[in-house]
Amino acid sequence: MSYINKQTTGLVKVKLTDKGRELLAMGQLTFAQYTIGDSEVDYNYVKGWSQFVPNSGAATGEFLFHLADGDINRDIFSKVLRPMDAQPAMNSYLVDQSGNMSFPLNLQSNIQLIRAIVSNEAEERGFFSGSTAETCLTAQTSSLFIKEEGTVDLGNFTGGTFVSGYTQGVLTLDTPLTATSVNDYIMFRFSNSTLGNITGDSMCQATVNTFYNITSIVGSTIRVDRELPILSGDGGTIITYYTLPGGDDPLDTYYGLPSLTAYWNTGTLSFDSSCDICVENIPVWNMNNVWTENFAGLFTELPTNYNPNQLFGSEQYTGTKQFLFYNFTPTVTQSSSQLSNSYMDPFQKGISIIHYTNSCISNFYGEMFYIDEQSNKLLSIDVPIMWHRRNEGTGSGTTLGMTFVSDTIQKELIGADNYSIRGLGATPNPAGYGGNDTIPYYDLIEASGMTVTPDFPLSVGKVFPTLKMLVIDNEELVAAMSYKSNRNYTLPDLAAELVTSLGGGCTGCLNAGHRMYLTYWLNNTGSTTTTPTLPCQRYTVIQNNQTSDRDVSFRINSIGELPYMRKVELPGYDGRGFFADTFTLLAQSINPNNVSRPDPSLWRAIDFTSTKITASASTSTLGSGETINPTLLENQGSVNTGFLLTGDLYEAASGNTFNLGDELSMQSGSFYDQMTFGDERLFYGNLRTSIGATIYKTLFTINVDGATISSSSNSTYSYGDDRYITEVGIEDNNGNLVIVGKLSRPVRLANSTTATIELTIDF
């Protein structure tokens, strides 16, 4: 519109002129003086109807409009045009007694900088509806989110394979896929005959959900990137599957594709006709999992020749891992009372980067995530996993999903090539680094009402509000979100301590001065088998600082951290969660004077499965050949579990090194097209947040004294009449008009009055 709409207040419409924008682009924009104009005033008429007939009730400058129903509409002053971009000057000016048209700005009284943050709630985005993980997740099944859904009988999972370079699982679906292509992903919501059918969109049930990459589609038969579980004994049970878009960039090639358009319209402004952007909402987030160390058991040497982490997917994001200081390994210092105890490996093997990267021109997340405790504006994510620390009790977890939220304490990463965390008492801030190179973040923690330690929720990552992204740095959570790990459940940490060697001071499993890394692997070997899974990805470290060899006693770190693990043979088994019949300790001792990290091909596998952890109760001798009892597994005493690594056991395992490549059908040789870790591109979860933007306002306060500004250059003005202000201009040091402000109505200025006009412009 050309005119400013009628306002009941003295609204000022302000904009930078063309000259002002040019000077801003050159870095030469200044504010030096102001001018006052009355260019849109005709003094013959602006006096109003009070001088004419009929004049009943009309004030100076007021126009009366008599309506058909007899009412009188009072419309004051004259219309004012909106400010122009290309406005080099004003047509007429108010002047002082000396004829001056420009007046200096006082930086103390006329110009003020205002910084403000505005916030709003962003739309929740992700693969689930508005429900939360605390109650029950519900899948979004429209084509906006997935390609298609279907059902399949578990009896079809017979373990069929096809070998062409690498082993592929073969499955015949109940109906052919119609909207899915090779290289897309298929996710199965597994069940069993005990739990029964898993159909519909509700994802409340705590079940194993696993992603596979589709390598072939022929009729109703598909092949996937690795072996499928053998579930033929559960025939007659129907489960749901979803297919999701594959490829390197599904957010543009699928989710944004229907709305791609040229930037800009070539019929109007042809800025760049070769650049396509989407103009609609992208409903999901990206996820890239970055691993910078080979997993335990990933052989990269001949003849096995499994591809190393450098050939994993998402390795182009390793620079982000470096940028956020995840490549720095802090030194662990133990007190004298802790020297015999283990600690968690401080080295960061992998992270998951969750971001919103696509070709959409819309800035859905403003300038930042807005996190504010007082207004309860926090970022949160829902992830459809079985979190080991959810507060549902050992062996009793029934609800799928976990919520993680941003903490309320802002912290900072500081430094360029050095590392420090402000506010945590970590490494001192490097000399020369101040506040200009900091990266603010908030810890991403467990939702306190859903964790076993509500007063001390565990941190699993960081939220970077100004980067508009978050990073998961709990490697178990990263593993559960990975498409290749064969599990959507997490495992608790191990804890260990040094004990006197059973065979004497020179026969222990850990030599004096050496360091041992420990983790574990749960597996199934029964007739109804799930496929092998990725071992626990949080390593436990123990150092022998004593003068003689020691054995190592180990345990699950705490009780109450196996809510989703089940013993199948127990009465009342409900079919939910996961189970295992084998507990294998993975261990490697190194001399830290020679090497800094364990060798992926030298992890020794020691089977600690016994009736001590498979029995139905602590007093029973039954359990041979049965699944593990989670209550017994998390027992805190090695006498009860048998979890004692001796020198003899460690030595006997020297020829039994763990081979992850064989277990997970890892990518090897030249078969780079086989899905591997890091190939994930979609965050299968939901994200909620408020968003914010920083507004910098320049506030100009212009006080116009009627006794001083006593005349006008307007050709219709007669000396002695009241003046009327329609515009205010800001000029630079060279007298260029750089800002122009237009009032929604002329403001009267008499000899005895002072008009105060405020102009604000946002940057």
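Since the model is a prediction, treat every value here as computed from it, not as a measurement.

### As for the overall build of the chain
And then number 1: Of the regular secondary structure elements, the chain holds nine helices and 41 strands.
And then number 2: Here the chain holds 763 residues, and the buried ones make up 51% of them.
And then number 3: Pairs at least 24 residues apart make up 76% of the contacts formed inside the chain by residues separated by at least 6 positions.
And then number 4: When the accessible surface of the chain is summed, it comes to about 32500 Å², and 49% of that surface belongs to carbon and sulfur atoms.

### Quick notes on the packing of aromatic side chains
Centre-to-centre distance and the angle between the planes together describe a pair of aromatic rings.
And then number 1: One pass over the full model with this rule turns up 38 aromatic pairs.
And then number 2: An angle of 70 degrees between the planes, with centres 5.0 Å apart, marks the rings of tyrosine 185 and tyrosine 483 as edge-to-face. Note that tyrosine 185 is positioned in strand 12 (residues 185-189) and tyrosine 483 in the loop between helix 4 (475-481) and strand 29 (494-500), a separation of 298 residues in sequence. Across the pair, tyrosine 483 and tyrosine 185 agree in class, each one buried.
And then number 3: Cluster of aromatic residues (ring-pair linked, three or more members): Phe127, Phe128, Tyr185, Phe211, Tyr254, Tyr255, Tyr483 and Tyr684.

### Some details on the confidence of the model for the chain
And then number 1: Here the chain averages 88 in pLDDT, and 88% of its residues register 70 or above.
And then number 2: Confidence over residues 49-55 falls short of pLDDT 50; this stretch has twelve contacts with residues more than four positions distant or in other chains.

### A few points about unusual backbone geometry
And then number 1: Despite not being glycine, phenylalanine 325 has its phi angle at roughly 70 degrees, a positive value.
And then number 2: Tracing the backbone through its elements, the reader meets phenylalanine 325 in the loop between helix 3 (318-323) and strand 19 (343-344).
And then number 3: Of the residues examined, phenylalanine 325 reaches a relative accessible area of 9% and is grouped as buried.
And then number 4: Here lysine 468, not a glycine, exhibits a phi torsion of approximately 55 degrees, which is positive.
And then number 5: Within the secondary structure layout, lysine 468 lies in the loop between strand 27 (459-464) and strand 28 (469-472).

### Description of the pattern of salt bridges
And then number 1: Evaluated as defined, the whole model comprises 26 salt bridges.
And then number 2: Of the charged contacts in the structure, one is a salt bridge between aspartate 382 and arginine 688, with a shortest N-O distance of 2.8 Å. Of this pair, aspartate 382 sits in strand 22 (residues 380-383) while arginine 688 sits in strand 36 (residues 686-688), and the two are 306 residues apart along the sequence.
And then number 3: The exposure class assigned to aspartate 382 is buried, which follows from its relative accessible area of 0%.
And then number 4: Across the pair arginine 487 and glutamate 476 runs a salt bridge whose closest N-O atoms are separated by 2.9 Å. Remark: glutamate 476 occurs in helix 4 and arginine 487 occurs in the loop between helix 4 and strand 29; sequence separation between them is eleven residues. An identical accessibility class is assigned to arginine 487 and glutamate 476; each is buried.
And then number 5: Bridged by salt links that share partners, the residues Glu124, Asp382 and Arg688 form one connected network.

### Focus on the sheet that holds strand 39 (residues 723-731)
Note on sheets: strands pair through backbone hydrogen bonds, and any given pair is parallel or antiparallel.
And then number 1: As summarised here, the arrangement of the five strands in space is 1-40-39-2-6, forming an open sheet in which the pairing is antiparallel. Sheet topology places strand 1 (12-16) and strand 6 (102-104) at the edges, where each strand pairs with a single neighbour. Within this sheet the neighbouring strands show an average axis-to-axis angle of 25 degrees, counted without direction.
And then number 2: Note: strand 2 (residues 33-37) against strand 39, five bridges, orientation antiparallel. In the sheet register, tyrosine 34 faces strand 39, and the bridge partner there is isoleucine 730.
And then number 3: Set on the sheet, helix 1 (residues 18-25) makes contact with strand 1 and strand 40 (737-749); between it and strand 1 the angle comes to about 45 degrees.

### Examining the state of the cysteines
And then number 1: This structure, assessed with the given rule, holds one disulfide.
And then number 2: With its sulfur 1.4 Å from that of its partner, cysteine 136 forms a disulfide with cysteine 204. Its S-S torsion of about -105 degrees marks the bond between cysteine 136 and cysteine 204 as left-handed, since a negative value means left-handed. With cysteine 136 in the loop between strand 8 (125-126) and strand 9 (148-153) and cysteine 204 in the loop between strand 12 and strand 13 (209-218), this pair connects stretches of sequence that are 68 residues apart.

### Remarks on the side chain of serine 601
And then number 1: In this fold, serine 601 is placed in the loop between strand 33 (582-590) and strand 34 (604-607).
And then number 2: A distance of 2.9 Å separates a polar atom in the side chain of serine 601 from a polar atom in the side chain of aspartate 599.
And then number 3: Residues contacting serine 601, with those up to four places away along its chain left out, are Phe299, Glu301 and Thr657.

### A look at a nonpolar patch on the surface
And then number 1: Taken together, Leu24, Leu113, Tyr696 and Phe763 make up a surface patch of nonpolar side chains, about 400 Å² in accessible area.
And then number 2: If you trace the backbone, leucine 113 turns up in strand 7 (residues 111-121).

### Concerning the sheet that holds strand 11 (residues 166-172)
And then number 1: Sheet architecture is open: seven strands sit in the order 9-15-12-13-14-11-10, paired in antiparallel fashion. Single-partner strands in this sheet number two, and they are strand 9 and strand 10 (161-164). Going across the sheet, the axis of each strand differs from the next one's by a mean of 40 degrees, ignoring polarity.
And then number 2: Bridge count for strand 13 against strand 14 (residues 221-224) is four bridges, and the pairing is antiparallel. Each residue of the ladder has a partner; that of serine 216, found in strand 14, is arginine 223.

What counts and how
Residues numbered from 1 in each chain as written. Predicted model: local features only at pLDDT ≥ 70, side-chain atom pairs only at ≥ 80, totals over all residues. Heavy atoms only, no water. Helix = DSSP H or I, 4+ residues; strand = E, 2+ residues; numbered from the N terminus. Buried < 20%, exposed > 50% of the residue type's maximum accessible area, 1.4 Å probe, protein only. Contact = heavy atoms within 4.5 Å. Areas by Shrake-Rupley, 256 points an atom, 1.4 Å probe, with all protein chains shown as cover. Phe/Tyr/Trp six-rings, centres within 6.5 Å; stacked < 30°, edge-to-face > 60°. pLDDT = per-residue confidence, 0-100. Salt bridge = Lys/Arg side-chain N within 4 Å of Asp/Glu carboxyl O. Pairing = 2+ DSSP bridges. Axes fitted to C-alpha atoms, helices over the stretch in contact; angles between N-to-C directions. Disulfide = S-S within 2.5 Å. Polar contact = N/O pair within 3.5 Å; in protein donor to acceptor, adjacent residues only side chain to side chain. Patch = residues over 30% accessible without salt bridge, like charges linked within 9 Å, V, L, I, M, F, W, Y side chains within 5 Å.

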